[in-house]
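Each chain, letter by letter, is given below.
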Amino acid sequence: MSNVCPLDYRYGREDMKAVFSEESRIHYQMQVEAALARAHASLGTIPQEAADEITRVASLDVVSVDRIKEIEKDTRHDLMAMVKAMTEKCQGDAGKYVHLGATSNDIVDTATALQMKAALEIVMEDVDNMIMVLAKIAKRERDTLEIGRTHAQFAIPITFGFKIAGYIAEMLRHRERIIEAMPRICAGKMAGAVGTGAALGKNFFEIQKRVMRDLELTYEPAATQVVGRDRYTECICIMANIATSLERYGTEIRNLQRSEIGEAAEYFDVKKQVGSSTMAQKRNPMNSENVCGLARVIRGFVTPTFESQVLWHERDLSNSSTERFTLTHVFILLDEILKKMTWVFDGLEVRRDRMLENIESSKGLVMAEPLMMKLTEKGIGRQDAHEIIRSSAMVAEDENRHLRDVLLEREDLKGILTEQEIIDTMDAANYVGGAREIVDKMVEAAESTVGRKVE
């Protein structure tokens, strides 16, 4: 059979794919069934021997996927097919207690919570790895001068480490979002057909509590037939938020690698890698471009996730087919681009000389702000100082001259600024504010939060 979805043959790591595989889904569902049986037994509603037997058969080594599919052909209900397959394998009369008091989505939603928990742990590891790679770059490039840009135009100097420090801060916020949201996202339910727990009888609340404690999940306190889909919406939105940050970083790398800028570039294997089938000289930022494209795909799943939050009455089935795509694709693709963007940063070529050349190419214009501030120190009003520098900058740009030379010719500045003061003020290294200290703080924050030292 031909593969159709790119996740089958192009994108996604096996670790994350395994979490959302059919086998994994069935495994998690059987674990929920086993936890339900154990909760019943702990309250004396079924024999302990039955719970032990259900726990034994809740394994793909005992219940085969093929047998479940065979039963599903008749039942046309995947969860009930699994329940029947488990019942078949139970010895004695334990089989009659499988799925006791539960509805399908008690099992499905709780199993999905287990999947999301496992997937979020992988994402957390990815985020931590990226944070530490960013911290390594920020520390190394702490003092590397680069021109800051606003509106895609030269602004004032920064350091490249400072730029990366901003990324560290952003990723630390994403990390915090995941940690804060995990208890809300990873919630199951054991509350029956409409959420009242009627089929579980007088032990409803305690059974639900014990099942979730067993599985290390939170639970929906006032469910319908399903866990509230606002939880899924929060999860997908956090994942889309992270993906958008990665697209931002990828876009920056792509821009810095532009021929006319040339300040940074992705690693390129000059011995073997091909950039273009016809333009043999090309070294394209293909990984950053790939990250940007896949981030857009991830965001595309936000709208159907919101729409799946709106269900009729106590539940309809319109969310089910949607979620088979949204959850799997978002997690698999986010894991993919987190790994890819971390690889890009880890091998990033930082062209320090080109960064200085670009600063110098402005012929001093990028140092207009510090010159204005220097004039205010000399007692000139802020607005007057702004006009002096603005008019001088316009002359320098119009005549293609260095701003320093234009200022030295101004009669109204003689006796106010000496030539050495102008030269010192226009030294970019002297005008990066607290950039270096911000780098130090963010590197320290990365190390203390993740619990690792920068290599």
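Fair warning: this is a prediction, and the values are worked out from it, not measured in the lab.

Novice: Honestly, the side chain of Asn 203 in this entry has me stumped. Any pointers?
Specialist: Here Asn 203 is to be found in the loop between strand E3 (187-188) and helix H9 (204-215). Dropping the residues within four chain positions of it, Asn 203 is found in contact with Leu 43 and Thr 45.

Novice: In this structure, what is going on with the packing of helix H3 (residues 22-42) against helix H4 (residues 48-57)? I would like to understand it.
Specialist: Geometry of a packed helix pair, given as the angle between the helix axes and the separation of the axes. Interhelical geometry of H3 versus H4 gives an angle of 170° and a closest axis separation of 8 Å. With respect to their mutual orientation, H3 and H4 come out roughly antiparallel. Facing Met 30, Glu 33, Ala 34, Ala 37, Arg 38 and Ala 41 of H3, the residues of H4 in contact are Gln 48, Ala 51, Ile 54, Thr 55 and Val 57. Tallied by class, the residues present in the contact of H3 with H4 amount to seven nonpolar, two polar and two charged.

Novice: Would you mind going over unusual backbone geometry with me for this structure?
Specialist: What you tend to see is this: most non-glycine residues have negative phi, and most peptide bonds are trans. Backbone geometry places Arg 76, a non-glycine residue, at a positive phi of 55°. Tracing the backbone through its elements, the reader meets Arg 76 in the loop between helix H5 (65-75) and helix H6 (78-89). Even without glycine at this site, Lys 363 takes up a positive phi of about 55°. Residue placement: Lys 363 occurs in the loop between helix H14 (352-360) and helix H15 (368-377). The class for Lys 363 is partly exposed, based on a relative accessible area of 30%.

Novice: Help me understand the pairing of strand E2 (residues 153-159), please; the structure alone is not making it clear to me.
Specialist: Moving residue by residue along a regular strand, the side chains alternate between the two faces of the sheet. Strand direction decides the pairing type here: strand E1 (residues 145-150) and E2, joined by five bridges, are antiparallel. Following the sheet pairing, Glu 146 is matched in E2 by Ile 158. In textbook terms, the turn of a hairpin is the stretch between consecutive antiparallel strands, and for E1 and E2 this stretch comprises two residues, one of which, His 151, has a positive phi near 55°.

Thresholds, definitions, all that
- Residues numbered from 1 in each chain as written.
- Predicted model: local features only at pLDDT ≥ 70, side-chain atom pairs only at ≥ 80, totals over all residues.
- Heavy atoms only, no water.
- Helix = DSSP H or I, 4+ residues; strand = E, 2+ residues; numbered from the N terminus.
- Contact = heavy atoms within 4.5 Å.
- Axes fitted to C-alpha atoms, helices over the stretch in contact; angles between N-to-C directions.
- Parallel < 35°, antiparallel > 145°, perpendicular 65-115°, else oblique.
- Nonpolar A, V, L, I, M, F, W, Y, C, P; charged D, E, K, R; others polar.
- Buried < 20%, exposed > 50% of the residue type's maximum accessible area, 1.4 Å probe, protein only.
- Pairing = 2+ DSSP bridges.

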